[in-house]
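Each chain, letter by letter, is given below.
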Amino acid sequence: MNWLGSLGFSSPLWLSLLPLGAAALVYAYLRKGQGKQIVVGTVLLLRSLKRPVLARRKFRPPPRFYFELLLIALLAAGAAGLYRQGAGTRVAVLIDNSFSMAKIAGSDGNRSDSLAVAIRDAASLMQSLSALSRVAVFQTSPQLVSLTQGLQSPDAALRALAGIQIGYGSDNLESAVAKILSNPEFDRLVILSDRPAAPFSSQDRVEFRSSEAFVPSENVAIGSISLERSSKGLEVRVEISSFLQKEARVRVVLESVRIQDRELKATRVAEHPAVLRGISRETISFPPVPPSERAFRVRVETDPSSLGSFFDSIRRDDVAWLSVEAEGGRIALVSQFSSADLKLDSIPFATFAHIRPEQYEANPEQVHSQEYLAALFHRYTPTILPEVSAAFIAPVDGSAFFEVRGEMGRLEVSRWRETHPLLNYLNMSSFRLEQGRILVSPPWAETIISSTQGTLAFAGEVSGRKYVGLGFDLFPYEGKRAALTSIFTLNLLKYLSESEASVGYQPVGSRSPLPPRVIEVTRHDGSGVETLALPKEEQAGLVSVAPGLLAIRTKGDDVKLGAVNFFDSKESNTLQAAPVVIDSAPRTNEDREDVDLLTTTIAVIAAAALVLDLILRLGLLRRSRREGEAA
Amino acid sequence: MLPESFTPSLLRQLELFKIRSRRAFLGTRQGGHISPKRGHGIEFSDYRRYELGDNPRHIDWGVYARSDRLYVKTFQEEQELSVLVLLDSSASMFQPSLDKKWERACEIAIALGYVALMEQDMICVCAPGLLRTPFYYGARAIHHLSAEVLSVKPPAVGDFLVEAQRAINRVRFPGVAIFVSDFLMPSEHIGSIVTSLRAKNLDIAAIQVLGPHDIQPLSGNEDAIAVDSETGEQIELSLGPRQREEYALLLEKHNTQVQELLHSNGVRFVQVRSDAALADVVVQNLPMTGVLR
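About the criteria used
Residues numbered from 1 in each chain as written. Chains lettered and ligands numbered in written order. Predicted model: local features only at pLDDT ≥ 70, side-chain atom pairs only at ≥ 80, totals over all residues. Heavy atoms only, no water. Helix = DSSP H or I, 4+ residues; strand = E, 2+ residues; numbered from the N terminus. Contact = heavy atoms within 4.5 Å. Areas by Shrake-Rupley, 256 points an atom, 1.4 Å probe, with all protein chains shown as cover. Pairing = 2+ DSSP bridges. pLDDT = per-residue confidence, 0-100. Patch = residues over 30% accessible without salt bridge, like charges linked within 9 Å, V, L, I, M, F, W, Y side chains within 5 Å. Salt bridge = Lys/Arg side-chain N within 4 Å of Asp/Glu carboxyl O. Polar contact = N/O pair within 3.5 Å; in protein donor to acceptor, adjacent residues only side chain to side chain. Buried < 20%, exposed > 50% of the residue type's maximum accessible area, 1.4 Å probe, protein only. Arc of directions from axis to C-beta. Buried area = accessible area lost by both parts, 1.4 Å probe. Axes fitted to C-alpha atoms, helices over the stretch in contact; angles between N-to-C directions. Parallel < 35°, antiparallel > 145°, perpendicular 65-115°, else oblique. Left-handed = near helix turned anticlockwise from the far one by under 90°. Disulfide = S-S within 2.5 Å.

To continue, consider the overall build of chain B. Tallying secondary structure elements over chain B gives nine helices and 10 strands in all. The contacts in chain B between residues at least 6 apart in sequence include a share of 72% that link residues at least 24 apart. Accessible area of chain B: about 14000 Å², with a carbon and sulfur share of 50%.

Spelled out as structure tokens, the structure:
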């Protein structure tokens with residue numbers, strides 16, 4: 001019985017072939033008839049007999065039926081990848097620890113987050129393995145990491161599970177699976193994720209384990225946050241993303257926060273009610289607060305007593321942080337005009353380094369080597385793609401990587417990609433261009449704004465760097481007087497720099513520069529204090545892997561505040577999860593030799609059975625022929 | 001050679017029989033059947049006035065004495081009878097082979113041939129599409145006839161009705177026609193064949209040969225697929241006692257229909273079983289048709 005207990009299927013979905021095949025076989029036998037064929041003089045009278053209907057007839061199949069049923073069972077078991085857990089079974093366990101796994105599910109009395117459920121499942125899997133098995137545990141977020149440092153015993157792998165925490169990042173499941181599958185060391189890959197497997201994408205070595213915790217639920221999250229300095233003070237704007245099945249009311253609270261004696265002190269500044277509907281985004285602007293405040297916390301509060309209450313399945317995305325002191329990175333402006341000419345200096349939290357086109361041409365490395373967050377090429381196009389994220393604004397001439405057509409007047413926007421981050425908060429229907437140039441999107445980019453004459457703007461990624469081409473000029477930056485181009489400019493800076501420092505915070509995982517003579521950095525998230533390890537070199541900057549308020553203490557007891565946030569609408573979307581598509585990479589011969597799967601045995605048995613069936617059928621055919629000749 | 005089933009005692013019994021027709025048919029040579037032709041014979045037919053050229057020996061002098069007029073006596077001439085044996089050559093006669101319906105039909109044909117040839121009648125055996133013998137005459141011809149009939153082997157003809165119509169169209173001599181078949185065919189086909197035979201001025205008799213499997217089909221197999229030997233049509237069957245009873249009723253109904261159809265066309269009919277002894281069939285069943293006496 002132990003031996004039976006150690007059996008399993010790597011692709012159990014294929015077992016559905018068995019009932020389907022059996023049903024088809026029964027139907028075929030019913031259609032074909034259960035008795036043997038007998039030649040009669042005529043069926044003139046037999047035809048008139050009342051015959052029982054197919055379904056009601058007693059089914060008494062010949063022995064051959066059982067033989068063929070066995071064949072189908074063997075083939076189904078082979079396709080399902082029957083394996084025996086035992087010596088030589090090497091299992092990779094991939095645990096999705098992305099942000100969406102923070103979703104709390106289960107009944108009221110037994111609520112736990114999806115990651116805890118996945119860890120429990122992984123633990124039970126490891127306990128079911130024989131001691132001779134070898135297991136490697138991986139986590140997916142923020143990147144694929146082996147927690148066991150190679151194959152370990154199930155007990156060691158079990159201990160490694162304790163170290164898994166929610167990662168602030170996306171799951172990267174497809175690439176993680178591809179990477180693990182490319183390793184011939186593993187016989188099986190068990191994936192524990194809240195994302196379902198795409199149909200027909202399963203591979204014989206891959207097994208998806210789902211749990212009842214991975215069911216759709218409701219969630220409200222802060223989608224983005226920004227801070228703007230105006231004459232009236234500091235204006236905080238919050239975008240709330242809702243993933244709800246019905247209308248609900250929430251309260252968005254703005255608090256001023258400060259660090260006192262290594263403790264976070266919060267003072268409520270304002271609150272704003274909001275009504276959220278289905279899957280939507282709601283932008284809330286708080287009234288200006290005095291510029292003396294140094295940092296803020298924004299929280300979304302649900303009121304269970306009010307009408308339209310819901311269970312917010314992820315609480316971690318209900319909080320966001322802002323710091324007035326956050327420092328943004330430098331952005332290279334390659335243009336004939338300086339940042340002052342283009343009024344870019346009025347953009348808070350962004351520093352522009354002006355480089356003339358001839359200077360850039362003489363030494364393009366200065367942009368590439370110096371750690372600029374991004375480069376803006378204004379009315380100028382470099383000959384080669386720069387090695388930094390860049391925008392080509394109102395290019396005069398084309399280059400090797402995209403084509404620019406002649407200048408045209410009165411261009412009207414006909415289509416735009418609403419969901420693209422560059423077009424956040426923008427309604428392009430009112431956008432009119434007196435003059436502009438039509439661009440030809442390069443193959444690696446997608447058109448994000450089109451006019452009736454052609455592409456006006458494109459965006460794309462090459463080697464992890466982002467490039468944007470705009471057929472119209474955004475500058476000078478005129479703030480509120482030209483709201484559309486100003487918001488576009490801010491979106492562009494945010495998109496290119498991958499940094500939200502310009503709006504008062506750093507994203508999780510980004511490297512934030514440290515001031516000189518730092519002695520300690522602590523992270524405060526409202527529930528506790530964590531002292532972060534300082535980098536060996538101050539210039540390297542500090543990376544925070546979780547959101548919160550950073551207190552950077554320098555010599556002289558000066559404390560600077562920095563904010564770290566994590567926003568990802570895909571991860572916060574608890575209503576829908578995109579299925580995981582697995583590329584079926586064929587295994588090498590070397591892998592096959594190592595694998596202790598029973599599928600090989602099954603394949604041999606099935607092949608032998610097929611040959612036997614063929615011989616049997618030929619024998620029967622010959623016999624019936626002989627009988628016919630004799631008759 | 002005659003088949004082994006034709007024992008000397010059976011042959012002796014057969015020699016006592018004679019093919020019988022309900023009407024007189026013109027023959028081509030002298031025989032043992034009364035012909036409508038007036039001429040030499042034993043049976044007195046009529047008187048007619050003497051005409052020049054009549055043989056004075058046929059003058060009835062008694063009538064002359066009474067009436068003072070010359071009258072001659074006419075006699076019915078006795079001529080041979082033309083016998084056509086039409087064998088059903090459809091596949092149902094050959095299947096199932098164990099029933100030996102075809103063999104029995106051939107034996108009947110040979111027996112009728114023996115009787116006819118012994119009585120100086122002409123006989124032709126025709127299995128449409130497979131066999132058509134010449135009109136045999138004289139006792140010695142029985143061996144030729146037997147050899148020819150026994151030489152027929154399956155496969156059977158594709159469309160018996162078409163072949164039968166073609167064969168009947170070639171009939172030249174009126175006489176007796178004996179149709180030997182299992183009659184397991186649609187009534188329209190039987191009606192069509194009988195009408196064609198009647199159109200050739202033939203006195204028709206029908207002999208139905210049924211095998212044990214025609215009466216109890218698929219015996220020993222409750223579940224089977226019956227394959228029609230003629231059309232290849234397959235019928236899946238589960239023959240329980242109820243179905244068998246139903247089949248017996250269907251067969252009876254069919255036979256009654258066939259019988260009524262034949263009677264309405266003036267065809268004499270008898271049913272024989274293929275597993276019955278040949279002597280019983282010939283001596284007891286065939287005379288019931290009135291074909292033999």
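So, on to the sheet that holds strand β5 (residues 131-132) of chain B. In spatial order, the strands read β5-β4-β3-β6-β7-β10 (chain B); together these six strands make up an open sheet with mixed pairing. Among the strands making up the open sheet, the edge pair consists of β5 and β10 (268-273) of chain B.

Here we come to the confidence of the model for chain A. Residue and element names in this part refer to chain A. Looking at chain A, pLDDT values average 79 and 83% of them are 70 or higher. Confidence, expressed as mean pLDDT per element, reaches its minimum in chain A at helix α11 (residues 589-594) with 43 and its maximum at strand β21 (residues 390-393) with 92. Low pLDDT, under 50, characterises residues 586-596; the predicted model gives this stretch 11 contacts beyond four residues in sequence or across chains.

So, on to a nonpolar patch on the surface. Judged by side-chain polarity, Trp 61, Tyr 64 and Leu 70 of chain B come together as a nonpolar surface patch covering roughly 290 Å² of accessible area. For Tyr 64 of chain B, the location among the structural elements is in helix α2 (residues 61-67).

Let us now look at the side chain of Asn 219 of chain A. Residue and element names in this part refer to chain A. You can see Asn 219 is positioned in strand β11 (residues 219-230). A distance of 3.4 Å separates the side chain of Asn 219 from the backbone nitrogen of Ile 314, its partner in a polar contact. Contacts of Asn 219, omitting those with residues within four sequence positions, involve Ser 241, Ser 242, Phe 243, Leu 244, Asp 312, Ser 313, Ile 314, Asp 317, Ser 572 and Thr 574.

Below, the discussion takes up helix α5 (residues 160-169) of chain B. Residues and elements named next belong to chain B. Of the residues making up α5, those classed as buried are Phe 160, Leu 161, Ala 164, Ala 167 and Ile 168. One side of α5 holds all its buried residues, which, seen down the axis, span an arc of 125°. Next to the buried residues of α5 lie β3 (82-87), β4 (122-127), β5, β6 (175-181) and α6 (187-199). The backbone nitrogen of Leu 161 lies 3.3 Å from a side-chain oxygen of the residue at the head of α5, namely Asp 159.

As a further point, take the interface of chain A and chain B. Residue-level contacts link 26 residues of chain A with 32 residues of chain B. For the pair chain A and chain B, the summed buried surface comes to about 2700 Å²; carbon and sulfur atoms form 62% of the total. The interface formed by chain A and chain B holds one salt bridge in total. Where chain A touches chain B, the interface holds six residue pairs in polar contact (both at pLDDT 80 or more). Counting residues per element, the ones that place at least two in the side of chain A that touches chain B are α2 (17-32) and β2 (36-40) of chain A.

Looking now at the pattern of salt bridges. Residue and element names in this part refer to chain A. Following the criterion strictly, the structure yields 31 salt bridges over all chains and no others. Notably, a salt bridge pairs Glu 255 with Arg 299, separated by 2.9 Å at the nearest N-O pair. In this pair, Glu 255 sits in strand β13 (residues 248-260) while Arg 299 sits in strand β16 (residues 295-302), placing the two residues 44 residues apart along the sequence. Exposure remark for Glu 255: the relative accessible area of 6% places this residue in the buried category. Here Arg 553 and Glu 520 are joined by a salt bridge, their closest N and O atoms 3.2 Å apart.

Residue and element names in this part refer to chain A. Sheet architecture is open: four strands sit in the order β14-β13-β16-β17, paired in antiparallel fashion. Single-partner strands in this sheet number two, and they are β14 (263-276) and β17 (319-323). Direction aside, the axes of adjacent strands within the sheet are offset by 20° on average. Here β16 pairs with β17 via five bridges, running antiparallel. If you follow Phe 296 over to β17, its bridge partner there is Leu 322.

All names here are of chain A. Judged by how many residues are buried, strand β7 (residues 134-139) sits mostly within the fold: five of six residues are covered. One ladder, built from six bridges, connects strand β4 (residues 90-95) with β7; its direction is parallel. Bridge pairing in β7 places Leu 94 opposite Phe 138. As paired strands, β7 and strand β8 (residues 145-146) are joined by two bridges and run antiparallel to one another. If you follow Phe 138 over to β8, its bridge partner there is Ser 146. If you look at the hairpin formed by β7 and β8, you'll find five residues sitting between the two strands.

On to the packing of α6 of chain B against helix α8 (residues 241-264) of chain B, then. Residue and element names in this part refer to chain B. Packing of α6 against α8 leaves a shortest axis separation of 10 Å and a crossing angle of 25°. Taken together, the axis directions place α6 and α8 in an arrangement best described as roughly parallel. For the element pair α6 and α8, the recorded crossing hand is right-handed. Packed against α6, whose contacting residues are Ser 187, Ile 190, Gly 191 and Val 194, the element α8 presents Gln 257, Val 258, Leu 261 and Leu 262 at the interface.

A word on the state of the cysteines. Residues and elements named next belong to chain B. The final tally for this structure, using the stated rule, is zero disulfides over all chains. The cysteine Cys 126 is free of any disulfide, with Cys 124 supplying the nearest cysteine sulfur at 5.9 Å. By relative accessible area, Cys 126 is classed as buried at 2%.

As a further point, take the side chain of Ser 389 of chain A. Residue and element names in this part refer to chain A. With respect to the helices and strands, Ser 389 occurs in the loop between β20 (374-378) and β21. Overall, the relative accessible area of 8% leaves Ser 389 in the buried class. Within polar-contact distance, the side chain of Ser 389 engages the backbone nitrogen of Lys 466 at 3.0 Å. In this structure Ser 389 touches Leu 373, Ala 374, Ala 375, Arg 465, Lys 466 and Leu 496, once residues within four positions along its chain are discounted.

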